[in-house]
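# Breakdown of the fold
Take a look at the letters that make up each chain.
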Amino acid sequence: MSTPTDAPGGTLTYLYAVGRDCPALRELASRLPGVDGGPLYPVTADGLCALVSRVPADSFGTSGLTAQLEDLARLEALARAHHAVVEAAFTAAPVLPMRLATVYLDDAGVAGTLERRHDEFDALLGRLEGHVELGVKVYADPAAAAAPEPAAATPTGTGAGRAYLRQRRATRSRSQDAYRAASELAARAAHLTGDIAASHVVHRPQQGQLAAHPGVNVANEAYLVPRSRADELRRALTGLADGVEGVSIEVTGPWAPYSFATAPPEEAPAGGGEGP
């Protein structure tokens, strides 16, 4: 996320996505709202089209945006609005999704970036054309894997202490087995999709509120897949965790290719936002 220096009053230009200039993106911009319901519109330069909207400078300058990002409800609303534009654009034409809260001082800053980075953006668009992103997450559930087997009778005295230690060791061993099996399953998934996916990115495992799935996220990966083969990849992974104790796999998407649209960032003149 990148913000220009705070400006007193006025507005900033919020950038959602960049594609090749085409009627489909222009038409989309005429009917789709952006953040906080602001009208979306195109900024074009050198054969490229950026989808943007105007946002208040006091809310999206450095200090204002920091406050928004610390408010989880506001952050969720901002992310939903941003992603809604990107996903709609992606159904209309190949686009490069921008990072959340990429803002410029004005439309001229966006147009200047399109001109300076034309070749780079054009190459990325060519690479992503006809492709989608699928997410693959593998989870280990130590609690499920470590469920102790019922005992016939509860020992007493010294026997009870030994039984407790044996149970603790068994629990620890099954937990370790679950993590090991999850890592091995993630490697198998990468191998199975090797001849389908055009590219593969490993993300940091999700934790806390981001990890809504039961268990611990051991692997969080993304695959760039030809749109025509997305279902094939999904079928290749379906049931991969069946019969593996304490391990599950989740396949999400198809999505706009956020994980593969990243170009090296460039700070726009006068404190503008980053590239994709």
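The coordinates are above.
Residues numbered from 1 in each chain as written. Predicted model: local features only at pLDDT ≥ 70, side-chain atom pairs only at ≥ 80, totals over all residues. Heavy atoms only, no water.

## Concerning the overall build of the protein
Definition in use: Helix and strand definitions here come from DSSP, where helices need a minimum of 4 consecutive H or I residues and strands a minimum of 2 consecutive E residues; each element is numbered from the N-terminal end. In this scheme, a residue with accessible area under 20% of its type's maximum is buried, one over 50% is exposed, and one in between is partly exposed, where area comes from a 1.4 Å probe on protein chains only. Any two residues having at least one pair of non-hydrogen atoms within 4.5 Å are treated as being in contact. Throughout, the Shrake-Rupley method with a 1.4 Å probe supplies accessible areas, and for residues the shown protein chains are the sole cover considered.
Across its full length, the protein holds nine helices and eight strands. Scored against the burial criterion, the 276 residues of the protein give a buried share of 43%. Long-range contacts, defined here as pairs at least 24 residues apart, represent 79% of the contacts in the protein between residues at least 6 apart. Here the protein has roughly 13,700 Å² of accessible surface; of this, 54% comes from carbon and sulfur atoms.

## Section: the side chain of Thr113
Under the convention used in this document: Polar contacts, as used here, are pairs of N or O atoms within 3.5 Å; protein pairs need one atom able to donate a hydrogen and one able to accept it. Residues neighboring in sequence count only if both atoms are side-chain atoms.
Along the chain, Thr113 falls in helix α5 (residues 107–116). Look at Thr113 and you get buried, because its relative accessible area is 4%. At 3.2 Å, the side chain of Thr113 and the side chain of Arg116 are in polar contact.

## Things to note about the packing of aromatic side chains
Put simply, the test is: For Phe, Tyr and Trp, rings pair up if their centres lie within 6.5 Å, where Trp contributes its six-membered ring, and each pair is then called stacked (planes under 30 degrees apart), edge-to-face (over 60) or tilted (otherwise).
A full pass over the atoms with the stated rule returns two aromatic pairs. Taking 4.6 Å as the distance between ring centres and 35 degrees as the angle between the ring planes, the aromatic pair formed by Tyr14 and Tyr16 counts as tilted. Like Tyr14, the residue Tyr16 is buried in the burial classification. On the numbers, 5.9 Å between centres and 85 degrees between planes, the contact of Tyr14 with Phe60 is edge-to-face. Residue Tyr14 is found in strand β1 (residues 11–20), and its partner Phe60 is found in helix α2 (residues 57–60); the two are separated by 46 residues along the sequence. Neither residue differs from the other here; Tyr14 and Phe60 are each classed as buried.

## A look at the side chain of His118
With respect to the helices and strands, the residue His118 is situated in helix α6 (residues 118–128). Excluding residues that lie within four positions of it along the chain, His118 makes contacts with Asp46 and Leu48.

## Considerations on the packing of helix α3 (residues 62–69) against helix α4 (residues 72–92)
How two helices pack is summed up by the angle between their axes together with the distance between the axes. Selection criterion: Think of each axis as a best-fit line through the C-alpha atoms, taken over the contacting stretch in the case of a helix, with angles from 0 to 180 degrees between the N-to-C directions. An angle below 35 degrees is treated as roughly parallel, one above 145 as roughly antiparallel, one from 65 to 115 as roughly perpendicular, and anything else as oblique. The nonpolar class holds Ala, Val, Leu, Ile, Met, Phe, Trp, Tyr, Cys and Pro. Asp, Glu, Lys and Arg form the charged class, and all remaining residues, Gly among them, are polar.
With their axes 6 Å apart at the nearest point, α3 and α4 run at an angle of 105 degrees to one another. One way to sum up the angle between α3 and α4 is to call them roughly perpendicular. Contacts between α3 and α4 involve Leu65, Gln68 and Leu69 on the former and, on the latter, Arg74, Leu75 and Leu78. Across the contact of α3 with α4, the residue classes tally to four nonpolar, one polar and one charged.

## Here we look at the sheet that holds strand β7 (residues 216–226)
Which entries qualify depends on this criterion: DSSP-based pairing: two strands are paired if at least 2 bridges between them are found.
Strand order in the open sheet formed by four strands is β6-β7-β5-β8, and the pairing between neighbours is antiparallel. With one partner strand each, in any of the chains shown, β6 (199–203) and β8 (247–255) form the two edges of the open sheet. Across the sheet, the axes of successive neighbouring strands diverge by a mean angle of 20 degrees, strand direction being ignored.

## Observations concerning the sheet that holds strand β4 (residues 95–104)
Each strand in a sheet pairs with its neighbour through backbone hydrogen bonds, running either in the same direction (parallel) or in the opposite one (antiparallel). Taken together, four strands build an open sheet; the order of strands is β2-β3-β1-β4 and the sheet is antiparallel. This sheet does not close on itself; its edge strands, each paired only once, are β2 (41–45) and β4. Across the sheet, the mean angle from the axis of one strand to that of its neighbour is 25 degrees, orientation sign disregarded. As judged from the five bridges shared by β2 and strand β3 (residues 48–56), these two strands associate in the antiparallel manner. Considered in β3, the bridge of Val43 is made with Ala50. Contacting β1, β2, β3 and β4, α5 crosses the sheet at an angle of about 45 degrees to β2.

## Here's the deal with the pattern of salt bridges
Pairing is possible between side chains of opposite charge, provided their charged atoms come close. Quick note on the threshold: Put simply, a salt bridge is a Lys or Arg side-chain nitrogen that is within 4 Å of an Asp or Glu carboxyl oxygen.
Under the defined criterion, the tally for this structure stands at nine salt bridges. A salt bridge links Asp122 to Arg20, with the nearest nitrogen and oxygen atoms 2.9 Å apart. In this pair, Asp122 sits in helix α6 while Arg20 sits in strand β1, placing the two residues 102 residues apart along the sequence. Classification of Asp122 as partly exposed rests on a relative accessible area of 28%. A salt bridge links Glu76 to Arg80; the nearest nitrogen and oxygen atoms lie 3.0 Å apart.

## Brief notes about the nonpolar core
Where we set the bar: As used here, the term nonpolar core means buried Ala, Val, Leu, Ile, Met, Phe, Trp, Tyr and Cys residues forming a set that is joined through side-chain atoms within 4.5 Å.
Counting 53 residues, the largest nonpolar core has Tyr14, Val35, Leu51, Phe60, Val138, Leu237 and Ile249 as the members making the most contacts within it. Per-element accounting of this core gives the leading share, seven residues, to α4. Sequence-distant contacts of Val138, defined by excluding residues within four places in its chain, comprise Ala182, Leu185, Ala186, Val216, Asn217, Val218, Ala219, Val247, Ser248 and Ile249. In terms of nonpolar packing, the next biggest core, distinct from the first, is built from 21 residues, Leu114, Phe121, Leu224 and Phe260 among them.

## Re α5
Residues of α5 that are buried include every one of Gly109, Val110, Ala111, Gly112, Thr113 and Leu114, and no others. As for α5, its buried residues are in contact with β1, β2, β3, β4 and α6.

Function cannot be inferred from these measures alone, as they are strictly geometric.
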